[in-house]
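Per-entry structural report
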Amino acid sequence: MELNVTRLSLQIRHALLVNNDEDLQKTLVDIGVKRKYIEDSLKDFGDGVFTPQGRTVYEKMQPQVRDLFVAADENIQLIKDGKKEEGFKFLVDKTIPVRNVLLMTTGEEKDRQNKQLVVEMDEVEAYASATRERLAMVFIAIAVGVV
C-alpha cells in the first residue's frame, strides 16, 4: 500500500510535467490503476484484521485514504483544466501532506506488525526447541529400552 500511495502522488506530479495529451491520458490511467491497488490493499487489510490494534489502524486509515483520493481528484481536475501552476501548488500544499499522514500510519502499522512477527517467531522457535528436546529424550528412552 505504501508503494502505491507514493506512486500515486508521483504520477500526479508526472501529470503536471507531461507536455502532450497522450502522455497525460496514460498517466491518468496509471493513477486510476494505483488508486485501485490502494483500495484493494485497504480492503484486504480490513478483511484480514484480527486484532484490536489492527482494527484501530484500519479505522484510522479509511478516512486517510478517502482524504488522499479527494485531494488527488482535485489535483487531477486542476491538471485537466490546464491549471498546472495551481495544480503544483495544490500538490505541495494539500496532496503531499495528506499522503504523508497516510504514509505515517502505514509505516507505524508496518513497524507494529514487524515487532509482533518477531515475538511470534521467537515463540515458535522456543516451541520447536522444546519439541526437539522432548523427541531426543523419547528416542534415548526407546534406545535404552531396546538395549
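Everything in this summary refers to the structure shown in the same document. (Residues numbered from 1 in each chain as written. Predicted model: local features only at pLDDT ≥ 70, side-chain atom pairs only at ≥ 80, totals over all residues. Heavy atoms only, no water.)

Some points on the packing of helix α1 (residues 2-17) against helix α3 (residues 52-80)
This is how the line gets drawn: Each axis is a line fitted through C-alpha atoms, and for a helix only the stretch in contact is used; angles between axes span 0 to 180 degrees, taken between their N-to-C directions. Numbering goes from the N terminus for both helices and strands, where a helix is a DSSP run of H or I of at least four residues and a strand is a run of E of at least two. Oblique is the label for any angle not under 35 degrees, not over 145, and not in the 65 to 115 range, which are roughly parallel, roughly antiparallel and roughly perpendicular in turn. Two helices that cross are described as forming a left-handed crossing if the nearer one is turned anticlockwise from the farther one by less than a right angle, and a right-handed crossing if clockwise. Residue contacts are counted whenever heavy atoms from the two residues lie within 4.5 Å of one another. When residues are grouped by polarity, Ala, Val, Leu, Ile, Met, Phe, Trp, Tyr, Cys and Pro land in nonpolar, Asp, Glu, Lys and Arg in charged, and all others, Gly among them, in polar.
Orientation of α1 relative to α3, taken along the N-to-C sense of each, is 15 degrees, at an axis distance of 10 Å. Taken together, α1 and α3 sit at an angle that is classed as roughly parallel. Seen along the crossing, α1 lies across α3 with a hand that is left-handed. Listed contacts from α3 to Val5, Leu8, Ile12, Ala15 and Leu16 of α1 are Leu68, Ala72, Asn75 and Ile79. A breakdown of the residues in the contact of α1 with α3 according to their chemical character gives eight nonpolar, one polar and no charged.

With respect to the pattern of salt bridges
The following threshold applies: In the sections that follow, a salt bridge refers to a side-chain nitrogen of Lys or Arg positioned within 4 Å of a carboxyl oxygen of Asp or Glu. A 1.4 Å probe rolled over the protein chains alone gives each residue an accessible area, and that area as a share of the maximum for its type sets the label: buried under 20%, exposed over 50%, partly exposed in between.
With the rule as written, the count across this model stands at ten salt bridges. For the salt bridge of Asp73 with Arg35, the shortest nitrogen-to-oxygen distance reads 2.8 Å. Within this pair, whereas Asp73 is found in helix α3, its partner Arg35 is found in helix α2 (residues 21-48), the two being separated by 38 residues in sequence. Using a relative accessible area of 38% as the deciding quantity, one classes Asp73 as partly exposed. Of the charged contacts, one joins Lys43 and Asp47 as a salt bridge, the two residues approaching to 2.6 Å between their closest N and O atoms. With a gap of four residues between them, Lys43 and Asp47 both fall in helix α2, about one helical turn apart. Given a relative accessible area of 48%, Lys43 falls into the partly exposed group. When its relative accessible area of 56% is taken as the criterion, Asp47 is described as exposed. Through salt bridges with shared partners, a single ionic network connects Arg35, Glu39 and Asp73.

Description of the nonpolar core
One recurring pattern in soluble globular proteins is that nonpolar side chains are buried together. Heads up, the condition is: Here, nonpolar core refers to any group of buried Ala, Val, Leu, Ile, Met, Phe, Trp, Tyr and Cys residues whose side-chain atoms link them within 4.5 Å.
Counting residues in hydrophobic clusters, the biggest one holds 25 residues, and the most contacted among them are Leu8 and Ile12. If you list the elements that add at least two residues to this core, you get α1, α2, α3 and α4 (84-146). Looking at this core, the element that brings in the most residues is α3, giving nine residues. Contact partners of Ile12, with chain neighbours within four places excluded, come to Ile31, Ala72, Asn75, Ile79, Leu91 and Thr95.

From the geometry alone we can't say anything about function, so treat these as descriptive.
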